[in-house]
Amino acid sequence: METRPKAERRLSLSAAQRERPGRLLEGVKMKGKRKQTVFESLAPLEEEYFSESTKTRRLPFRSSRAKIKYANTYRLEPYHKFRDYLVRDKAQAILTKKLQQGKYDAVSSPSLCASISEEILTATKEMGFDRYKYVVSVLIVEKAGQAIHVASRWVWDVQRDSWVSAKYETETFIALALVMACYYE
């Protein structure tokens, strides 16, 4: 009989475990049957997820793209401020180009308004004013001897936010384009 204390006997490795030092937790024998442990069911990461050709290691449950985190800049002003006169001229040119020889048509006006507003929005974004979000609204109204009032409300920062309107008028209709530039930190 062994003279070592019981705690030492439990901590000693079996012969099979000493032969294969990579697997410390082999399995527990219960009544002649071998019970599989959690550690045996998992394959080592180096074998499955290590690519010999690229010598890079991929983790199994992570996407290949890592999300980039940016540090706070604490900058309160944009590098390129919104210049309303440039946007007004561009919106006026787009309205003139699209509506120059048109007559009012109630059926095609909604799709025409959508296409004009998309064109003004892309032209405004291409000007490169950083840290701004834009809202473009185009209205085409038939001339029938009536008066029209257009109103809008916004939560507004007077120092940084701005807006522009452009108008085009023919004998049969009036077109109004509104571009709102809201500063986005």
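Residues numbered from 1 in each chain as written. Predicted model: local features only at pLDDT ≥ 70, side-chain atom pairs only at ≥ 80, totals over all residues. Heavy atoms only, no water.

The name that an unreviewed UniProt entry assigns to the protein is Tctex1 domain-containing protein 3, with the source organism given as Aythya fuligula.

A.B. asks: Could you clarify how one ought to interpret the nonpolar core in this entry?
C.D. replies: Side chains that are nonpolar tend, in soluble globular proteins, to be buried together. Membership of the largest hydrophobic core comes to 26 residues, with the highest contact counts inside it found for F82, L95, L99 and I120. Looking at this core, the element that brings in the most residues is strand 7 (residues 173-183), giving six residues. (Core = buried A, V, L, I, M, F, W, Y, C linked by side-chain atoms within 4.5 Å. Buried < 20%, exposed > 50% of the residue type's maximum accessible area, 1.4 Å probe, protein only. Helix = DSSP H or I, 4+ residues; strand = E, 2+ residues; numbered from the N terminus.)

A.B. asks: Teacher, can you tell me more about the packing of aromatic side chains here?
C.D. replies: What characterises a pair of aromatic rings is the spacing of the ring centres plus the angle enclosed by the ring planes. What the rule picks out here adds up to four aromatic pairs. Taking the centre distance of 5.3 Å and the plane angle of 65° together, the rings of F82 and F129 count as edge-to-face. With F82 in the loop between strand 4 (56-57) and helix 5 (84-99) and F129 in the loop between helix 6 (109-126) and strand 5 (132-142), this pair connects stretches of sequence that are 47 residues apart. Like F129, F82 is buried. Centre to centre, the rings of Y132 and Y183 are 5.7 Å apart; their planes meet at 75°, and the pair counts as edge-to-face. Here Y183 lies in strand 7 and Y132 lies in strand 5, a separation of 51 residues in the sequence. Using a relative accessible area of 10% as the deciding quantity, one classes Y132 as buried. For Y183, a relative accessible area of 13% corresponds to the buried category. The side chain of K133 reaches across the aromatic face of Y184, ending 4.4 Å from its centre. (Phe/Tyr/Trp six-rings, centres within 6.5 Å; stacked < 30°, edge-to-face > 60°. Lys NZ or Arg CZ within 6 Å of the ring centre and 35° of its normal.)

A.B. asks: I tried to follow the pairing of strand 6 (residues 162-169) on my own but got confused; where do I start?
C.D. replies: Every other side chain in a regular strand lies on the same face of the sheet, so the side chains alternate between the two faces. Only one face of strand 6 is covered, namely the one carrying S162, V164, A166 and Y168; the face carrying W163, S165, K167 and E169 has none of its residues buried. In terms of strand pairing, strand 6 meets strand 7 through eight bridges, oriented antiparallel. When the bridges of strand 7 are listed, W163 appears paired with M180. Linkage of strand 6 to strand 7, two consecutive antiparallel strands, is achieved through a turn of three residues. (Pairing = 2+ DSSP bridges.)

A.B. asks: Whenever I open this one, the packing of helix 5 against helix 6 confuses me. Can you help?
C.D. replies: The contact between helix 5 and helix 6 brings their axes to 10 Å, and the two run at 145°. When you trace helix 5 past helix 6, the crossing you get is right-handed. Residues V87, K90, A91, I94, L95, K97, K98 and L99 of helix 5 pack against L112, I116, E119, I120, A123 and T124 of helix 6. Here the residues of the contact of helix 5 with helix 6 are counted per class, giving nine nonpolar, one polar and four charged. (Axes fitted to C-alpha atoms, helices over the stretch in contact; angles between N-to-C directions. Left-handed = near helix turned anticlockwise from the far one by under 90°. Contact = heavy atoms within 4.5 Å. Nonpolar A, V, L, I, M, F, W, Y, C, P; charged D, E, K, R; others polar.)

A.B. asks: Even after reading the chapter, I still don't get the layout of surface pockets, so can you show me in this structure?
C.D. replies: Where empty space is left can be seen by rolling a probe of water-molecule size over the atoms. As a volume, the largest pocket reaches approximately 160 Å³. For the largest pocket, the full set of lining residues is A71, N72, T73, Y74, R75, L76, R131, Y184 and E185. Of the residues assigned to the lining of the largest pocket, the class counts are four nonpolar, two polar and three charged. (1 Å grid on protein atoms, 1.4 Å probe; cavity = no way out; pocket = protein on both sides within 12 Å on 5 of 7 lines; lining within 4 Å. Points joined across faces, edges and corners; volume = space filled by probe spheres on them.)

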